[in-house]
Amino acid sequence: MIESAKCRLCLLFLFAVFLFFAAAPLQASARSLLFETETEQGFLCLRSYSRSFTEGDAFMLQLQSPPFRSASARFNGRVYEFVRVSEETGSFLFFPLELGMDEGRHELLLTIVFPDKSVIEKRLDVTVARGDFPSVSLVVDPKFTAPAPEEMKRIERERKRVAEIYEKPHRVWLGSGDFIMPLEGGGGVSGPFGVKRIFNNEVYSRHRGVDLRSPPGSPVRSANSGIVALTDSLFFAGRTVIIDHGAELFTLYCHLAEITVTEGEWVERGDVIGKVGATGRVTGPHLHWGVKIAAVEVDPLSILGLPFE
Ligand SMILES: [Zn+2]
């Protein structure tokens, strides 16, 4: 009797391990419940939110759980840490699906360590789809396709300065509520994310933001609350503002005619930060709006539907 009771316990234990280790596929839908379970520490629930799992998009995991020592996820060769937001929202983190990443199945390993050092692990499957991005030819001032040696030095200086900003994000969440379009009325997309561009028939690049149509001088608003991380006039991006929203998520606003905020300033969602212009490498006035997650560019339109409260 004792032996068979032990066996039953063994089977129960194996079943519990299977439950936590069986890979669950993430569905490409606005919201999907991945799992919920009662643990020794309390109730635990994981949801995913996404527009799609196409390269160039972002997706989000939201975790409701008892207090933990750490909660992280390994995905695409990198470890991401959950950021605790509030009692109701719980914790969340964002993942970028980098342009050009392999299509097909990618493993996401979730690890939660509780204060008593007990650990829960869960394996999830993320199936990444190849995007369909058109090519366009653009004509710009020749200095942008064949920069002079002193301009090359400036470009390198600016590249390093901007890269350093993305290396020092605020780890806490600074945003408040959902993201909004930075132009009143949305603007309308004149240049989608991911487009393959050939400038002056000689320089190839990917478009790593969205271009929003707008008359010059229109006010540009911060897409969420955060801290102004950079205000500068850059060679390619023109007058630019970068805002740190915490949790490794930054937004950037380029080609501005005028900047109306200063570095280090706190901005609320919807605050005016500058005016639409045509500075830097452009073919006409518009707003280039970008989003970086963990230093990877994603389509800003893919974060608009994610829930942040
Ligand atoms: Zn652009």
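All values derive from a computational prediction rather than experimental measurement.

**Quick notes on the coordination of the zinc ion**
Bound to the zinc ion are the protein donor atoms His 207 (NE2), Asp 211 (OD) and His 288 (ND1), situated 1.9 to 2.2 Å from the metal. In primary sequence terms, the donor set of the zinc ion follows H-x3-D-x76-H. Just as His 207 is buried, Asp 211 falls in that class too.

**As for unusual backbone geometry**
Look at Asn 76: it is not a glycine, yet its phi comes out positive at around 50°. Within the secondary structure, Asn 76 sits in the loop between β5 (70–75) and β6 (78–81). For Asn 76, a relative accessible area of 39% puts it in the partly exposed group. You will see that His 255, though not glycine, has its phi angle at about 65°, which is positive. Positionally, His 255 belongs in strand β19 (residues 249–259).

**As for the packing of aromatic side chains**
Scanning the model with the defined rule gives eleven aromatic pairs in all. When the centroid spacing of 5.8 Å and the interplanar angle of 90° are considered together, the rings of Phe 59 and Phe 75 count as edge-to-face. Note that Phe 59 is positioned in strand β4 (residues 58–64) and Phe 75 in strand β5, a separation of 16 residues in sequence. Exposure class is identical for Phe 59 and Phe 75. Each is buried. Following the ring pairs from residue to residue traces out a cluster consisting of Phe 53, Phe 59, Phe 75, Tyr 80 and Phe 95.

**Section: the pairing of strand β2 (residues 32–39)**
Pairing geometry for β2 and strand β3 (residues 42–50), over seven bridges, is antiparallel. Opposite Phe 35, over in β3, you have Leu 46 as the bridge partner. A loop of two residues connects β2 with β3, the two strands running antiparallel in sequence.

**Focus on helix α2 (residues 149–167)**
When the terminal C-alpha atoms of α2 are compared, their 27 Å separation across 19 residues agrees well with the 27 Å that a helix rising 1.5 Å per residue should span. Of the positions making up α2, those classed as buried are Ile 155, Glu 158, Val 162, Ile 165 and Tyr 166. Buried residues along α2 cover an arc of 95° about the axis, so they all sit on one side. For α2, exposure combined with an orientation more than 90 degrees from the buried face picks out Pro 149, Glu 150, Lys 153, Arg 157 and Glu 167. Where the residues of α2 are buried, they touch β17 (226–234), β18 (238–244), β19 and β22 (287–293).

Basis of the calculations
Residues numbered from 1 in each chain as written. Predicted model: local features only at pLDDT ≥ 70, side-chain atom pairs only at ≥ 80, totals over all residues. Heavy atoms only, no water. Donors = N, O, S within 2.8 Å, 3.2 Å for Na, K, Ca; no water. Buried < 20%, exposed > 50% of the residue type's maximum accessible area, 1.4 Å probe, protein only. Helix = DSSP H or I, 4+ residues; strand = E, 2+ residues; numbered from the N terminus. Phe/Tyr/Trp six-rings, centres within 6.5 Å; stacked < 30°, edge-to-face > 60°. Pairing = 2+ DSSP bridges. Expected span 1.5 Å × (residues − 1). Arc of directions from axis to C-beta. Contact = heavy atoms within 4.5 Å.

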